[in-house]
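# Coordinate analysis (summary)
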Amino acid sequence: NAGVTQTPKFQVLKTGQSMTLQCAQDMNHEYMSWYRQDPGMGLRLIHYSVGAGITDQGEVPNGYNVSRSTTEDFPLRLLSAAPSQTSVYFCASSYSIQQETQYFGPGTRLLVL
Amino acid sequence: AQKVTQAQTEISVVEKEDVTLDCVYETRDTTYYLFWYKQPPSGELVFLIRRNSFDEQNEISGRYSWNFQKSTSSFNFTITASQVVDSAVYFCALSEELRGGSQGNLIFGKGTKLSVKP
């Protein structure tokens, strides 16, 4: 098992550009989520999904879109990047929504100029 | 509102010292889960422990131990005989009840940066 994988590892964007952060897991996990980590802020939830076709907003969803067409993949889309979206993004997954332990991907470092 | 407070922003100790990282939480849920994660300098998040709200037994895993006290809403983490490899940011997290009543998302504290010097 590769676990939770994220691509790219690092990305630089210009303000206004769009991009998709990829997240995939090969553990047949139902639950997947995206967090952002900013200095001194801990991790904050952006969006989550409890299964294919089902997504919902977290604490800081503005400026981000998600979809879950398959169990394995949960991409995060930045529609029009802003400097405030400079952050480290983590994808996580767990077997079910009943609070199984969440396992995190290695993170994507995003810089928006 | 649910909240996790890690009051210690940074701690510095000398190798072989014991160190305790504090975590205080707030929740209205009767069923919830508490977690600790480690983030070493390489940046990945490593799961350390999960504890549910009905199990107040302390847990020990090698040099690591956890003290869960519901009466004070605390879930503290102690490293005994610290080592340089323990240097990392440690996050405490609380599960949040989703719509429909199940437990799902995590609410993180802001983390405690532990530096262990040789």
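Residues numbered from 1 in each chain as written. Chains lettered and ligands numbered in written order. Predicted model: local features only at pLDDT ≥ 70, side-chain atom pairs only at ≥ 80, totals over all residues. Heavy atoms only, no water.

### Re the state of the cysteines
This structure, assessed with the given rule, holds two disulfides over all chains. Two residues share a disulfide in this structure: Cys23 of chain A and Cys91 of chain A, whose sulfurs sit 1.8 Å from each other. When the S-S torsion is -70°, as for the bridge of Cys23 of chain A with Cys91 of chain A, the disulfide is left-handed. Taken together, the residues Cys23 of chain A in strand S3 (residues 19-25) and Cys91 of chain A in strand S9 (residues 87-94) connect sequence positions 68 residues apart. For Cys91 of chain A, a relative accessible area of 0% puts it in the buried group. For Cys23 of chain B, the disulfide goes to Cys92 of chain B, at an S-S distance of 1.9 Å. Around the S-S axis, the bridge from Cys23 of chain B to Cys92 of chain B shows a dihedral of about -65° and counts as left-handed. Taken as a pair, Cys23 of chain B in the loop between strand S3 (19-21) and strand S4 (24-26) and Cys92 of chain B in strand S10 (residues 88-97) lie far apart in primary sequence, 69 residues in all. Residue Cys23 of chain B is classed as buried on the basis of its relative accessible area, which comes to 0%. (Disulfide = S-S within 2.5 Å. Helix = DSSP H or I, 4+ residues; strand = E, 2+ residues; numbered from the N terminus. Buried < 20%, exposed > 50% of the residue type's maximum accessible area, 1.4 Å probe, protein only.)

### What about the pattern of salt bridges?
Note that side chains of opposite charge can pair when their charged atoms are close. Considering all chains together, one arrives at five salt bridges over all chains under this definition. For Arg36 of chain A, the salt bridge identified is with Asp38 of chain A, shortest N-O distance 2.9 Å. The pair formed by Arg36 of chain A and Asp38 of chain A is uniform in burial state, with each residue classed as buried. The shortest N-O distance in the salt bridge between Arg51 of chain B and Glu59 of chain B comes to 2.3 Å. Look at Arg51 of chain B and you get buried, because its relative accessible area is 4%. (Salt bridge = Lys/Arg side-chain N within 4 Å of Asp/Glu carboxyl O.)

### Quick look at the layout of surface pockets
The calculated volume of the largest pocket comes to roughly 660 Å³. Around the largest pocket, the lining comprises 30 residues; the ones closest to its centre are Gln37, Pro39, Val88 and Arg109 of chain A together with Gln39 of chain B. Contributing elements (two or more residues each) for the lining of the largest pocket: strand S4 (31-38), S9 and strand S11 (108-112) of chain A together with S10 of chain B. Looking at which element gives the most residues to the lining of the largest pocket, the answer is S11 of chain A, with four residues. Its residues assigned to classes, the lining of the largest pocket comprises 12 nonpolar, 12 polar and six charged. Estimated volume of the second largest pocket: approximately 430 Å³. What lines the second largest pocket is a set of 22 residues, and nearest its centre among them are Glu59 of chain A together with Glu96, Leu106, Ile107 and Phe108 of chain B. Of the residues assigned to the lining of the second largest pocket, the class counts are nine nonpolar, six polar and seven charged. (1 Å grid on protein atoms, 1.4 Å probe; cavity = no way out; pocket = protein on both sides within 12 Å on 5 of 7 lines; lining within 4 Å. Points joined across faces, edges and corners; volume = space filled by probe spheres on them. Nonpolar A, V, L, I, M, F, W, Y, C, P; charged D, E, K, R; others polar.)

Function cannot be read off these values alone, since they describe shape.
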